[in-house]
Amino acid sequence: MTSSSSVRPTAASSSVTSRRVAAAAIAAAGILHLVLVPEYLAEAPLIGVLFLASAPLTGWAAWRLWRREDLPAWLLGAAVSAGMIGGFLLSRTVGFFGYSSAEWAEGIPSLLVEGVFLAIAARHVPKLLSRSRATSASVSAGGR
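Below is a short write-up of the structure. Just so it is clear, the model here is predicted, and its values are computed rather than measured. Residue positions are given per chain, counting from 1 as you read along its sequence in written order. The predicted origin of the model limits local features to residues at a pLDDT of at least 70 and limits the giving and counting of side-chain atom pairs to 80 or more, whereas totals for whole chains, interfaces and linings rest on all residues. Side-chain descriptors were evaluated using all non-hydrogen atoms of the structure, hydrogens and water having been removed beforehand.

## Digging into the packing of aromatic side chains
Then step 1. Here a pair means two rings of Phe, Tyr or Trp (six-membered ring of Trp) with centres within 6.5 Å. Their orientation is stacked below 30 degrees between planes, edge-to-face above 60, and tilted elsewhere. A complete count under the given rule lists five aromatic pairs for this structure.
Then step 2. When the ring of Trp74 is compared with that of Phe117, the centres are 5.4 Å apart and the planes differ by 35 degrees; the resulting orientation is tilted. One end of the pair, Trp74, is in helix 4 (residues 71-92); the other, Phe117, is in helix 5 (residues 108-142), with 43 residues separating them in the sequence. Comparing Trp74 with Phe117 shows no difference in burial state: the two are buried.
Then step 3. Here the aromatic residues Tyr40, Phe51 and Tyr99 are joined through ring pairs into a cluster of three or more. Runs of E in the DSSP output that reach at least two residues are strands. Runs of H or I that reach at least four are helices, and both are numbered from the N terminus. For every residue, the accessible area (1.4 Å probe, protein chains only) is compared with the maximum for its type, and the residue is labelled buried under 20%, exposed over 50%, or partly exposed between those bounds.

## Looking at the nonpolar core
Then step 1. Counting residues in each nonpolar core, the largest one holds 19 residues, and the members touching the most others are Ala22, Ile26, Leu65, Trp74, Phe117 and Ala121.
Then step 2. Ranked by the residues each element gives to this core, the list is headed by helix 5, at six residues.
Then step 3. When residues no more than four places from it in sequence are discounted, the contact partners of Ala121 are Trp74 and Pro126.
Then step 4. Side-chain atoms within 4.5 Å link the members of a nonpolar core, which is a set of buried Ala, Val, Leu, Ile, Met, Phe, Trp, Tyr and Cys residues. Membership of the second largest hydrophobic core comes to seven residues, among which are Val37, Tyr40, Phe51 and Phe96. The contact criterion used throughout is that any non-hydrogen atoms of two residues lie within 4.5 Å.

## A closer look at the pattern of salt bridges
Close approach of charged atoms allows side chains with opposite charge to pair.
Then step 1. Note on definitions: salt bridges are taken to be side-chain nitrogens of Lys or Arg within 4 Å of carboxyl oxygens of Asp or Glu. Evaluated as defined, the whole model comprises two salt bridges.
Then step 2. Residue Arg64 pairs with Asp70 through a salt bridge whose shortest N-O separation is 2.7 Å.
Then step 3. The salt bridge involving Glu106 is made with Arg92; its shortest N-O contact spans 2.4 Å. Placement of Glu106 in the loop between helix 4 and helix 5 and of Arg92 in helix 4 is noted, with a sequence separation of 14 residues between them.
Then step 4. Relative accessible area serves as the criterion here: at 10%, Arg92 is assigned to the buried category.

Rendered as structure tokens:
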């Protein structure tokens, strides 16, 4: 007979799993954009360069988050994801650096993985920020 505690995931293992899902999502976003670099360099060079720049940023965030809980990686991943979503929406509405497209469907895979990353980050970042503030407060109080 198995106890219910051995079947249910612990909060720590759940946190590791969600962090790794987020790492995979931000890595996928970077790969999706990296694949499009040649096309966009020819069509809209500035956007191609931005896509190229996203690869090492998303790769670094994914690598750090795969290994451990890391506030700078969460913040970078969230900024890059939000920027990619914002750029996509601008390019499909008012234009983005002179580029505009009516093709919404091609962005769905990227929007999905970026949205997954942001949703998971929205759960992790506040906890890390409150822990960081608590640590800073205790260090400040101890130093007096």
